[in-house]
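# Breakdown of the fold
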Amino acid sequence: MSRRGRFIVLEGGEASGKSTQCRLLAEQLGAVATFEPGATPVGAELRRILLGTATRSLDPRAEALLMIADRAHHVAEIVEPALRDGRDVVCDRYTGSTVAYQGRGRGLDEEELRAMSQWAAAGLEPDLVVLLDVPPEEAARRRLESPDRLEAAGAEFHRRVAEGFRDQAVGSANWVVVDGVGSVDEVASRVAAAVRDGLSR
């Protein structure tokens, strides 16, 4: 029976460097690099609705359900098949983002969101979650001039999201916090060390 792959998730707020570090870590591990929302063709349509600035108004519950729908399809189409085949998977965002953004950020019940996400993903939990911690002022400096719908949600929203991520990491057995400030290579070195230590527990 072949070894099952390991599932590693990178989490963090906007402009925390997740996408870059996800790609670099996947290259280092020879893993599948993927992301949420939007990694599948169905997900790309959901991403357009969720993040596109043309979406003027979206009820928080509808937003959460669309994010969770993307997760269900993403896990079924990309993540679970790769893990089953023995491939490691590194994912940019997962349940932690739903809890932080739609839970703490939008004010929805965090335990309900966690339960719905677990159901949508058929119970799949990460082996390790790496939270890239970047101070709000540094994240604001890095942000693009043309923000998407969530990036443009305002400083108070992003403050709540950051708090939501930190609270999830506190006392969690499979979360590690990595300082996201520094050069790409410096942060990549910290991420690699955290993953190595986290997976060897």
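Quick caveat: nothing in here was measured; it's all calculated off a predicted structure.

### Description of the overall build of the protein
Helix and strand counts for the protein come out as eight helices and five strands. Going from the N terminus to the C terminus, the protein shows its helices and strands as β-α-β-α-α-β-α-α-β-α-α-β-α. Taken against the 2.2 N^0.38 rule, which gives 17 Å for 201 residues, the C-alpha radius of gyration of the protein at 16 Å falls within 12% of a compact globule. In terms of principal-axis extent, the alpha carbons of the protein reach across some 50 × 35 × 30 Å.

### What about the packing of helix H4 (residues 95-105) against helix H5 (residues 110-120)?
A packed helix pair is summarised by two numbers, namely the angle formed by the two axes and the spacing between the axes. Contact geometry of H4 with H5 gives a least axis separation of 9 Å together with a crossing angle of 145°. For the pair H4 and H5, the sense of crossing is right-handed. Facing H4, whose interface residues are Thr95, Thr98, Val99, Gln102, Gly103 and Arg104, H5 presents Glu110, Leu113, Arg114 and Ser117.

### With respect to the pattern of salt bridges
Taken as a whole, this structure holds 19 salt bridges when the rule is applied. In this structure, Glu163 and Arg104 form a salt bridge, with 3.1 Å as the shortest nitrogen-oxygen distance. Of the two residues, Glu163 is situated in helix H7 (residues 155-169) and Arg104 in helix H4; the sequence distance between them amounts to 59 residues. Note that Glu111 and Arg114 form a salt bridge whose closest N and O atoms lie 2.5 Å from each other. Note that Glu111 and Arg114 are positioned in helix H5 at a spacing of three residues, about one turn of the helix. A relative accessible area of 54% means that Glu111 is categorised as exposed. Connected through shared salt-bridge partners, Arg104, Glu110, Glu156, Arg159, Arg160, Glu163 and Asp167 make up one network.

### So, the side chain of His74
Mapped onto the secondary structure, His74 falls in helix H3 (residues 60-84). When neighbours within four sequence positions are excluded, His74 is seen to be in contact with Thr34, Phe35, Glu36, Ala39, Thr40, Val79 and Cys91.

### What to know about the environment of Leu150
Looking at the secondary structure, you find Leu150 in the loop between helix H6 (136-142) and H7. The exposure class assigned to Leu150 is buried, which follows from its relative accessible area of 4%. Filtering out sequence-adjacent residues up to four positions away, Leu150 remains in contact with Leu51, Glu63, Met67, Tyr101, Arg106, Phe157 and His158.

### What to know about the nonpolar core
In terms of nonpolar packing, the biggest core is built from 27 residues, with Phe7, Val89, Tyr94, Tyr101, Leu124 and Phe165 touching the most fellow members. When residues of this core are traced back to their parent elements, those giving at least two are strand S1 (7-11), helix H2 (41-51), H3, strand S3 (89-92), H4, strand S4 (128-133) and H7. Among the elements that line this core, the one with the most residues is H3, at five residues. With sequence-adjacent residues up to four places away left out, Val89 is seen in contact with Arg6, Phe7, Ile8, Ala31, Val32, Thr34, Val79, Ala82 and Leu83. Counting 16 residues, the second largest nonpolar core, distinct from the first, contains Ile8, Ala26, Leu132 and Val176.

What counts as what
Residues numbered from 1 in each chain as written. Predicted model: local features only at pLDDT ≥ 70, side-chain atom pairs only at ≥ 80, totals over all residues. Heavy atoms only, no water. Helix = DSSP H or I, 4+ residues; strand = E, 2+ residues; numbered from the N terminus. Rg over C-alpha atoms; globule rule 2.2 N^0.38 Å. Axes fitted to C-alpha atoms, helices over the stretch in contact; angles between N-to-C directions. Left-handed = near helix turned anticlockwise from the far one by under 90°. Contact = heavy atoms within 4.5 Å. Salt bridge = Lys/Arg side-chain N within 4 Å of Asp/Glu carboxyl O. Buried < 20%, exposed > 50% of the residue type's maximum accessible area, 1.4 Å probe, protein only. Core = buried A, V, L, I, M, F, W, Y, C linked by side-chain atoms within 4.5 Å.

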